[in-house]
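Residues per chain, in single letters:
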Amino acid sequence: MARHGWNSDARRWRLTALLGVGAAALALMVTLFSTLSGGPSTAGTTRDGDKVHGIPATGAKPEPYVGWGFTHTQYSADEGAPAATARVRQLLGQNAGLAQNQHIMGWGADNPEPVRGHYDFGALDRRVDFMRASGGTPVITLCCSPDWMKGGRAGVDHTDWSRPSLEKAPTPDHYQDFADLAATVARRYPDVKHFIVWNEFKGFWNDARGRWDYEGYTRLYNLVYQALKKVDKDIMVGGPYLVMDSVDARDANASTALKGPWGAMDQRVLDAFSYWNAHKAGTDFTVVDGSSYTRDDELLPDAFAATDKLTAVGAWVRRQTHDLPLWWAEYYVEPGDGNDDRKGWTEPHRVAVQATGMIAMVKGGADSGFYWNPEDRTGTGCAGCLWTPTDRAGGGRALPLYGLVSRFAKAFPPGTRYENVSVAPDDLPNVRVLASGSTALVVNTLNRTISAQVDGKRFDMGPYEVRWLDR
């Protein structure tokens, strides 16, 4: 995961105008004292991290689902040329309610608590403000943790943004500290009612046992769950955000129970999920992530058929949790290169396989999912992005994948009643279909024009075309 944005760009130390000169002077005195005494720097931080930020949005009592949306990454539309960022806000405003997810540290957010009890929410505030202004349903992923919680140094100058550091989990003696930070975040943004606990079990691999440290993650999860519920019993909390890795069926760790033409699930992942599911303090929804391809980047038997894995995994998870709402925090259908970039497919090919993957997730029982939005910082092209970079006034324009994600979210919200539609026998191998009572999504999986008969209608489809039909 986390293709973009281990680094946090420049530190953002600005004090807000509301703090005034007196607070700025106080902050300077604290910094000087810390420097002279040898303590960690707290420059630019505040002690009132749980003070409500901005003007929280109002809404109905939350449900344990949010529908389809995207995750903000290192570069997003909260910064850039004013005309471009406004264009994205307007674009999102036309799809009010499109779910937006943001992490609390990394992926565009600074270290939220560089010193125990001293907070820096400037970057996270800006992302939350953007979600509010664009009418999005906000979701926060509670990852990652400040350095002092995982064996590093405290201080605003000592955050280690390297990938190995960011991926470390809090040490067990700091699990409660992380839970307290989660509660602080929840009090600061009372309109955020959906929280995901941690990200992909980062830092929870047990080398000695050659398996996931699911006991440690579950302890952390339970403390966070309890802390959030104390803030507001209506807050929706979910986990475990495991990567549902699959392998070649001949792999030593291949599951014998959950497999298909797409490969076999890694049994160690299933074991971790089962432990969390049996020992969790509670959950309002279940979160997983994963790809249609195997851990070795094999698309079995091909890119489109490999998405059947997403259906199989979703159905398995729903059975284990007795049909709790299922979220995909991330989903990938195109293997990355050595830099984890995905630029090898044409955009029509990419959109067609993405649409097929989303159809597969729905058929596996999912009703919420987040596209990992890899916005480029600069440039005019951006493979797989939702909109063009916002660094220039002409940026922030919708790209094909935004059209897919936003229309999918509108056409197939949580609670949609899906219907079977007729497909001509000779078209069955070549098209994928998802239909409600009012809309049908049809995907041509071939790189050539076909004449398809779907839902009683005959029409031509171009290579890798994605077609929406009114019913």
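As the structure is a prediction and not an experimental result, all values here were calculated from the model.

**Observations concerning the packing of helix α5 (residues 175-188) against helix α6 (residues 214-231)**
So, step 1. Running from amino to carboxyl end, α5 crosses α6 at an angle of 35 degrees, the nearest separation of the two axes being 8 Å. In this structure, the crossing between α5 and α6 has a hand that is right-handed. On α6, the residues touching Y175, Q176, F178, A179, A182, A183, A186 and R187 of α5 are G216, R219, L220, L223, V224, A227, L228 and V231.
So, step 2. Each residue belonging to the contact of α5 with α6 can be placed in one class, and the counts come to 12 nonpolar, 2 polar and 2 charged.

**Here we look at the sheet that holds strand β15 (residues 439-444)**
So, step 1. As summarised here, the arrangement of the 3 strands in space is β14-β15-β18, forming an open sheet in which the pairing is antiparallel. Edge strands, defined here as strands with exactly one partner in the open sheet, are β14 (431-435) and β18 (466-470). The average undirected angle you get between the axes of adjacent strands in this sheet is 20 degrees.
So, step 2. Relative to β15, β14 runs antiparallel, the two being bridged by 5 bridges. Counted as the bridge partner of V433 is V442 from β15.
So, step 3. Its contacts with the sheet place helix α10 (residues 400-411) against β14, β15 and β18, and it is angled at close to 30 degrees to β18.

**Some points on the nonpolar core**
So, step 1. Judged by nonpolar contacts, the single largest core of 113 residues is most densely connected at W198 and M244.
So, step 2. The element contributing the most residues to this core is helix α9 (residues 347-363), with 9 residues.
So, step 3. In terms of nonpolar packing, the next biggest core, distinct from the first, is built from 13 residues, V421, V423, I450 and A452 among them.

**Some details on the packing of helix α7 (residues 267-279) against helix α8 (residues 308-320)**
So, step 1. For the pair α7 and α8, interaxial distance at closest approach is 11 Å and the crossing angle is 30 degrees. Relative to α8, the element α7 is oriented roughly parallel. In this structure, α7 meets α8 at a crossing whose hand is right-handed. From α7, L270, F273, S274 and N277 reach across to α8, where they touch W316, V317 and Q320.

**Quick notes on the side chain of T439**
So, step 1. Mapping T439 onto the fold places it in strand β15.
So, step 2. Classification of T439 as buried rests on a relative accessible area of 12%.
So, step 3. When sequence neighbours within four positions are dropped, the list of residues in contact with T439 reads A411, F412, L434, W468, L469 and R471.

**Looking at the pattern of salt bridges**
So, step 1. Under the definition given, this model contains 28 salt bridges.
So, step 2. Taking the shortest distance from any N to any O, the salt bridge between D177 and R116 comes out at 2.8 Å. Within this pair, whereas D177 is found in helix α5, its partner R116 is found in the loop between β2 (99-103) and α3 (122-133), the two being separated by 61 residues in sequence.
So, step 3. Here R268 makes a salt bridge to D266, at a shortest N to O gap of 2.9 Å.
So, step 4. One network of salt bridges, with partners in common, ties together D78, E79, R126 and R127.

Conventions used here
- Residues numbered from 1 in each chain as written.
- Predicted model: local features only at pLDDT ≥ 70, side-chain atom pairs only at ≥ 80, totals over all residues.
- Heavy atoms only, no water.
- Axes fitted to C-alpha atoms, helices over the stretch in contact; angles between N-to-C directions.
- Helix = DSSP H or I, 4+ residues; strand = E, 2+ residues; numbered from the N terminus.
- Left-handed = near helix turned anticlockwise from the far one by under 90°.
- Contact = heavy atoms within 4.5 Å.
- Nonpolar A, V, L, I, M, F, W, Y, C, P; charged D, E, K, R; others polar.
- Pairing = 2+ DSSP bridges.
- Core = buried A, V, L, I, M, F, W, Y, C linked by side-chain atoms within 4.5 Å.
- Buried < 20%, exposed > 50% of the residue type's maximum accessible area, 1.4 Å probe, protein only.
- Parallel < 35°, antiparallel > 145°, perpendicular 65-115°, else oblique.
- Salt bridge = Lys/Arg side-chain N within 4 Å of Asp/Glu carboxyl O.

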